[in-house]
Amino acid sequence: MDAQTQLELEAAAFRTLRDHLQKRTDVQNIDMMNLAGFCRNCLSRWYQEAAAERGIEIGKMEARESFYGMPFETWKAKYQTDATDSQKAAFEVSHKDAT
């Protein structure tokens, strides 16, 4: 496979992941962090960092909007729930070595 085709396939897979997460508003970021070690905010930060490496400035909230499919504050108001004690405890366990 040539490099351009690989790049296009990776980009398509990435867009599919982004679109999937926009549809799965029931999945909370803390659950993603507990299970996979990353969340929508991480993806938006990586996107922002990749842009910066290429000299493109994208603001934090603009990058987040690309992953939430709407302004971040709107998503939070509509879909974000308070983390439960068990979610918080799982986060502490899964990230104890990250600090």
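Our structure is the block above this text.
In every chain, residue numbers begin from 1 and rise along the written sequence. Only residues with pLDDT of at least 70 are given local features in this predicted model, and only at 80 or more are side-chain atom pairs given and counted; all residues enter the totals for whole chains, interfaces and linings. To obtain the side-chain values, all non-hydrogen atoms of the structure were included, while hydrogens and water were left out.

## Topic: the overall build of the chain
A count of helical and extended segments in the chain gives six helices and zero strands. Moving toward the C terminus, one meets the helices and strands of the chain in the order α-α-α-α-α-α. Dimensions along the principal axes, computed over C-alpha positions, put the chain at roughly 45 × 30 × 25 Å. Taken across its 99 residues, the chain has 25% of its residues classed as buried. Contacts are residue-level and defined by heavy atoms, with any inter-residue pair within 4.5 Å sufficient. Expressed as a percentage of contacts within the chain between residues at least 6 apart in sequence, the contacts between residues at least 24 apart total 49%. Working definition: helices are DSSP H or I runs of at least four residues, strands are E runs of at least two. Numbering for both runs from the N terminus. A 1.4 Å probe rolled over the protein chains alone gives each residue an accessible area, and that area as a share of the maximum for its type sets the label: buried under 20%, exposed over 50%, partly exposed in between.

## A look at the pattern of salt bridges
By definition here, a salt bridge exists when the distance from a side-chain nitrogen of Lys or Arg to a carboxyl oxygen of Asp or Glu is within 4 Å. Evaluated as defined, the whole model comprises five salt bridges. D26 serves as the salt-bridge partner of R24, at 2.6 Å between the closest nitrogen and oxygen. For R24, a relative accessible area of 33% puts it in the partly exposed group.

## Here's the deal with the packing of aromatic side chains
In this analysis, rings of Phe, Tyr and Trp, with Trp reduced to its six-membered ring, are considered paired at centre separations within 6.5 Å, and the interplanar angle assigns stacked below 30 degrees, edge-to-face beyond 60, and tilted for intermediate values. The final tally for this structure, using the stated rule, is six aromatic pairs. Consider the rings of W75 and Y79, whose centres lie 5.8 Å apart with planes at 50 degrees: the pair is tilted. Here Y79 and W75 lie together in helix α5 (residues 72–79), a separation of four residues that amounts to about one turn. You can call W75 buried: its relative accessible area is 1%.

## Comments concerning the side chain of N29
Position of N29 relative to the elements: it lies in helix α2 (residues 29–36). The class of N29 is buried, set by a relative accessible area of 12%. When residues no more than four places from it in sequence are discounted, the contact partners of N29 are C39, R40, N41 and Y68.

## Focus on the packing of helix α4 (residues 60–68) against α5
Here the axes come from fitting lines to C-alpha atoms, over the contacting stretch only for helices, and the angles between their N-to-C directions go from 0 to 180 degrees. The contact between α4 and α5 brings their axes to 8 Å, and the two run at 45 degrees. It follows from the interaxial angle that α4 and α5 lie oblique. Taken together, the residues of α5 that come into contact with α4 (itself represented by M61, R64 and Y68) are F72, E73 and W75. Each residue belonging to the contact of α4 with α5 can be placed in one class, and the counts come to four nonpolar, no polar and two charged. Oblique is the label for any angle not covered by the other classes, which are roughly parallel (under 35 degrees), roughly antiparallel (over 145) and roughly perpendicular (65 to 115). Each residue is assigned to one of three groups, with Ala, Val, Leu, Ile, Met, Phe, Trp, Tyr, Cys and Pro labelled nonpolar, Asp, Glu, Lys and Arg labelled charged, and all others, Gly among them, labelled polar.

## Some details on the nonpolar core
In terms of nonpolar packing, the biggest core is built from seven residues, these being L21, M32, M33, C39, C42, L43 and F67. Residue assignment for this core shows that the elements contributing at least two residues are α2 and α3 (40–53). Put simply, a nonpolar core is a bunch of buried Ala, Val, Leu, Ile, Met, Phe, Trp, Tyr and Cys residues held in one set by side-chain atoms that sit within 4.5 Å of each other.

## A few points about the environment of T81
Considering the arrangement of structural elements, one finds T81 in the loop between α5 and α6 (85–94). Given the relative accessible area of 48%, T81 is considered partly exposed. In the structure, T81 is positioned 54 residues away from V27 in sequence and 9.9 Å away in space, judged by C-alpha atoms.

Function cannot be read off these values alone, since they describe shape.
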